[in-house]
Structures are given as structure tokens and as C-alpha cells.
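# Descriptive analysis of the structure
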Amino acid sequence: MTAATNEWATAAHAGAYLDRGPEWPPHRFEGEAVLLALLASGGTGPVRPVRRVLDLGTGDGRLLAAVLAAHPEVDSAVAVDASPTMVHAARQRFAGGAVAVQVVEHNLELPLPAHRLGRFDTVISSFAIHHCPDGRKRELYAEAAAILEPGGWFCNLEHVASSTPAIHAAFFHAIDVDPADEDPSNKLAPVAAQLGWLEDAGFVDVDCYWKWREEALLAGARPGGP
Ligand SMILES: C[S@@+](CC[C@H](N)C(=O)[O-])C[C@H]1O[C@@H](n2cnc3c(N)ncnc32)[C@H](O)[C@@H]1O
């Protein structure tokens, strides 16, 4: 990840996000609550324990921490991010915790190092994958499917594209940001296209499980399992 292609490579950009606190962006807790309820309910299948979790673009690990708090049965987790600032923050958050969390510095624009990461029954992500180009998003969805055990869920709480420029501008006004100040690293894709990419990757029961303006929870399950 270079500063030329992705602002998150800089400590200033990552630090400014962390300075906004855990409630940013607005309404994220609503999407997180739906994500947590989906995992707790087993989604569309039987309730199943969450044992091993992967978080893509973890930041300081806030979503992973919420999953760990909700699922004391988790025995290990991996958190991936490319920003040294975020990797440091996530390592600090999880140091000495009850669950072994491996924090891996990795650029999501490159293939996931599957052999190094191992396998998972749950893959999560929040507000991160939209920094990858669309072609890479599609590949990443396929890699998430390949790394998941049968029956496991992939939940991507994401910043998605609006269908018109006016709706896009209105989203930024609604979160009290000047549209001119939009993160230049954003590469937003529409919900419908992304649901198709998830299905192409082999996920089933793919849907948009929650949405508020440009924030959406896109999820699907790996077929099979108990
Ligand atoms: C908006 S923050 C979200 C962080 C965290 N998931 C959360 O919900 O608070 C976006 C995160 O994606 C990470 N990121 C952006 N581009 C990335 C890339 N190409 N590879 C890995 N991480 C990336 C950033 O470093 C940052 O931690």
C-alpha cells in the first residue's frame, strides 16, 4: 500500500480516523448490532459456535473486539491491516487479552496469505474493503470464501456507492462531512454489484442485511456445514 494509491498508508490519515472515536462513522453501531445478531443466530442455519475469526482491514480492532465480547467461545483470531499505525493500535488493544489475536500487516490489494492465516469459521470486515479497486474486491470475496469452513459466514459492514451523485452528496451532508472532503481512497461499489460478486464467489444466502444510506452489511455463508 503506497500513499499515492491509498491515504491509509500515512500515519496522519490513520490517526485522524482513530481520533474520531469508536462511534465513527455515525450509525455504525446499528450495522454492527445486525452483524452480531446474524452471527449469534447462526444466520440462516443452525446456531453454531464461533471459534476462529478473521477481520480484514481491522483498524484498531474495534469490530473484532465486539465479536470477541459477544462470543466467549472464540479461541483464536487474526486481524489484518496494511497501516503500521493500525497494526500497532490493534496489537495494543489485544495484548494480554483472553483470546490469542494475531495481528498481521498485509496489504489487501495483494492475495491473502492463506497458508499463513489458516482457516476460519467467521470472516468479518468493516469499512475497509472499499479502499480496494473493484477487481480486487471480487478476488478478495473469493479468497474469503476459500478460507472459510463450510457453513461459515462472511460479514462485510461496508461503505457502498449511492445510485446518484445527489444521494452520494446527501450521505456526506447527513454525516456532517463536506463532500469535497471525502476520503480520496474511497472506491465505492454499488450493493447490487457486490451481492453478485459474493454469489460468484460461491456464497449462499447472500443479501444486504442492513443499510443506512451508504453504510451496508453485505453477508453470505459458505455452503455446507452441520
Ligand atoms: C475506515 S478504517 C476501518 C477500520 C476498522 N475496520 C473499523 O471499522 O473501525 C479502514 C481500514 O482499512 C485499512 N486499509 C485500507 N486499505 C487497505 C489495504 N489495501 N490493505 C489493508 N488494509 C487497508 C486501513 O488501514 C484502515 O484500518
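Residues numbered from 1 in each chain as written. Predicted model: local features only at pLDDT ≥ 70, side-chain atom pairs only at ≥ 80, totals over all residues. Heavy atoms only, no water.

### Focus on the pairing of strand β7 (residues 215-221)
Taking burial as the measure, the seven residues of β7 include seven buried ones, the bulk of the element. Side chains of β7 alternate between two faces, with E215, L217, A219 and A221 and A216, L218 and G220 buried alike. In the sheet, strand β5 (residues 148-159) pairs with β7 via seven bridges, with the strands oriented antiparallel. The residue bridging L157 from the neighbouring strand is L217, located in β7. In this sheet, β7 lies alongside strand β6 (residues 204-212) in antiparallel orientation, the contact comprising six bridges. By the bridge assignment, W210 is partnered in β7 with L217. Counting the residues that bridge the hairpin from β6 to β7 gives two residues, and of these R213 lies at a positive phi of roughly 50 degrees. (Buried < 20%, exposed > 50% of the residue type's maximum accessible area, 1.4 Å probe, protein only. Helix = DSSP H or I, 4+ residues; strand = E, 2+ residues; numbered from the N terminus. Pairing = 2+ DSSP bridges.)

### Quick word on the side chain of E32
Within the secondary structure, E32 is located in helix α2 (residues 28-41). On the basis of relative accessibility, which here comes to 7%, the residue E32 falls in the buried class. Non-local contacts of E32, meaning those with residues more than four positions away in its chain, are made with L63 and L157. (Contact = heavy atoms within 4.5 Å.)

### So, unusual backbone geometry
In the segment running from W24 into P25, the intervening peptide bond is cis, with an omega of 0 degrees. Mapped onto the elements, P25 comes out in the loop between α1 (11-19) and α2. Positive phi, close to 65 degrees, is recorded for D176, a residue that is not glycine. By relative accessible area, D176 is classed as exposed at 72%. Non-glycine residue R213 carries a positive phi angle of around 50 degrees. Examined against the element boundaries, R213 turns out to sit in the loop between β6 and β7. Note on R213: relative accessible area 42%, which makes it partly exposed.

### Focus on the pattern of salt bridges
Counted under the stated rule, the structure contains eight salt bridges. Here R62 and D60 are joined by a salt bridge, their closest N and O atoms 3.3 Å apart. Of the two residues examined, R62 and D60, each falls in the buried class. Put simply, R136 and E139 hold a salt bridge, and the shortest N to O gap is 3.0 Å. A residue pair is termed a helical-turn pair when its members lie 3 or 4 positions apart in one helix, as R136 and E139 do in helix α6 (residues 134-147) at three residues. Its relative accessible area of 44% is what places E139 among the partly exposed residues. (Salt bridge = Lys/Arg side-chain N within 4 Å of Asp/Glu carboxyl O.)

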